[in-house]
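Below are the chains, spelled out letter by letter.
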Amino acid sequence: MAEVVVVVFDFDRTLIDGDSDNWVVTEMGLTHLFRELRSTMPWTSLMNRMMVELHSQGMSVEDIEDCLKRMPLHPRVIESIRAAHRHGCDLRIISDANQFFIETILKHHGLLGCFSEIVTNPAFVNVEGRLNIVPFHDSASSPHGCNLCPPNMCKGLVLKRIQAADSEFKERRLIYLGDGKGDYCPCLRLGMRDFVVPRKSFPLWNLIFSDQTLIKAVIHEWSNGEELAGVLLDIIDRILMDENTRTGLIASPDSGCKTTQVSYP
Ligand SMILES: [Mg+2]
Ligand SMILES: [Zn+2]
């Protein structure tokens, strides 16, 4: 099956149940300093400051890796990512976490090779062995101009670029999975043949249902890793079945797809 489906994951509180930044801060004993500095600098700069702190305490990059490897990832989510990849879906991540955290966690679970692209805040280890985290978007030199998104990343612009690169594959359909405020902007760009998969009762879900008429994509909600995996695989089944019907491989349009009932707050 050619790449008919593009699956875009948010990372924190979506692909993983928790938040990788908070996990490292809490597990590595930085909660107090983090709270003290929270109001004084943007989030990405603050996370970089936390890495300076860990380095000054003698913590190595390997210590940070070990901490990230302990972060839970739902087994059903792991299976669903592998299954989506096997089905030929093009899997991507757009995240406001950072490259090092995301790649460490995905590698640990053997999932890194399933993703064609990870768009996030860059991270690198310097000559002193300290992890540096830098903003994806330099808001000082060129603001992205989107008032829905934080200054370092407009996920909508990233999605626009993915959609533009896809224009030669007009049949490709997008599935966007997310939970946060920063996921709302890209969801506004999805079309009628696309799907948005928001985490129930989280900020993205609240924004979507504050005015559902603004969302063109089909909405399927989820609450936990098991539901996320089920919803994702059902949507992929349905799209692939549509595609087979369209190309005449299968005569019957019956997809056998379980439709998730969306509730309205
Ligand atoms: Mg998130
Ligand atoms: Zn935006």
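- If you look the chain up in an unreviewed UniProt entry, it shows as Thiamine phosphate phosphatase-like protein from Rhodamnia argentea.
- Regarding the chain, the relevant UniProt record gives this comment under Cofactor (unreviewed entry): "Mg(2+)".

Observations concerning the UniProt feature "binding site: Mg(2+)" (unreviewed entry) in the chain
Then step 1. The residues that UniProt annotates with the feature "binding site: Mg(2+)" (unreviewed entry) are Asp10, Asp12 and Asp179. In sequence the annotated residues extend across 170 residues, while in space they remain close, none of their C-alpha pairs exceeding 8.3 Å.
Then step 2. Within the secondary structure layout, Asp10 lies in the loop between β1 (5–9) and α1 (11–15).
Then step 3. Accessibility expressed as a C-beta count within 10 Å gives 26 for Asp10, which makes it buried.

Concerning the UniProt feature "active site" (unreviewed entry) in the chain
Then step 1. In this numbering, the UniProt entry assigns the feature "active site" (unreviewed entry) to Asp10 and Asp12.
Then step 2. If sequence neighbours within four positions are ignored, Asp10 has contacts with Ile94, Ser95, Leu177, Gly178, Asp179, Gly180 and Asp183.
Then step 3. Ignoring any residue separated from it by four or fewer positions in sequence, one finds Asp12 in contact with Asp19, Ser20, Ser95 and Ala97.

Some points on the nonpolar core
Then step 1. Val7, Ile175, Tyr176, Val197 and Leu232 are the most contacted members of the largest nonpolar core, which has 64 residues in total.
Then step 2. A domain split of this core shows at least three residues from each of domain 1 (5–17 + 73–246) and domain 2 (22–69).
Then step 3. Once residues lying within four places of it in the same chain are set aside, the contact partners of Ile175 are Val5, Val7, Phe195, Val197, Leu232 and Ile235.

Brief notes about the environment of Asp21
Then step 1. Along the chain, the position of Asp21 falls in helix α2 (residues 20–27).
Then step 2. Of the residues examined, Asp21 has 20 C-beta atoms within 10 Å and is grouped as buried.
Then step 3. Placed 76 residues apart in sequence, Asp21 and Ala97 show a C-alpha to C-alpha distance of 6.8 Å.
Then step 4. Leave out the neighbours within four places in its chain, and Asp21 touches Met47 and Ala97.

Regarding the packing of helix α6 (residues 75–86) against helix α11 (residues 225–246)
Then step 1. Interaxial distance between α6 and α11 falls to 8 Å at its minimum, and their mutual angle equals 20°. What the angle tells us is that α6 and α11 run roughly parallel. Crossing of α6 against α11: the hand is left-handed. Residues Arg76, Val77, Glu79, Ser80, Ala83 and Ala84 of α6 form the contact with α11, whose participating residues are Gly225, Glu226, Leu228, Ala229, Leu232, Leu233 and Ile236.

Quick look at the pairing of strand β7 (residues 195–198)
Then step 1. A two-sided burial pattern is seen for β7, the buried positions comprising Phe195 and Val197 on one face and Val196 and Pro198 on the other.
Then step 2. Sheet analysis places strand β6 (residues 173–178) next to β7, joined by four bridges and oriented parallel. Directly across from Tyr176, in β7, lies its bridge partner Val196.
Then step 3. Bridge count for β7 against strand β8 (residues 218–219) is two bridges, and the pairing is parallel. Counterpart to Phe195 in the pairing with β8 is Val218.
Then step 4. Remark: the β7/helix α10 (residues 203–210)/β8 crossover connection has right-handed handedness.

Some words on the sheet that holds strand β3 (residues 115–121)
Then step 1. Here we have six strands laid out as an open sheet, ordered β3-β2-β1-β6-β7-β8, and parallel in their pairing. The strands lining the two open edges of the sheet, one partner per strand, are β3 and β8.
Then step 2. Relative to the sheet, helix α8 (residues 155–165) contacts β1, β2 (90–98) and β3, its axis offset from that of β2 by approximately 160°.
Then step 3. Relative to β7, α10 is tilted by about 125°, and along the sheet it contacts β6, β7 and β8.

Rules behind the numbers
- Residues numbered from 1 in each chain as written.
- Chains lettered and ligands numbered in written order.
- Predicted model: local features only at pLDDT ≥ 70, side-chain atom pairs only at ≥ 80, totals over all residues.
- UniProt positions renumbered as here; feature names shortened; annotations may be inferred.
- Helix = DSSP H or I, 4+ residues; strand = E, 2+ residues; numbered from the N terminus.
- Buried ≥ 20, exposed ≤ 12 C-beta atoms within 10 Å, placed from the backbone.
- Contact = placed C-beta atoms within 7 Å.
- Core = buried A, V, L, I, M, F, W, Y, C linked by C-beta atoms within 7 Å.
- Domains from an automatic or database assignment.
- Axes fitted to C-alpha atoms, helices over the stretch in contact; angles between N-to-C directions.
- Parallel < 35°, antiparallel > 145°, perpendicular 65-115°, else oblique.
- Left-handed = near helix turned anticlockwise from the far one by under 90°.
- Pairing = 2+ DSSP bridges.
- Right-handed = clockwise from strand over helix to strand, strands pointing away.

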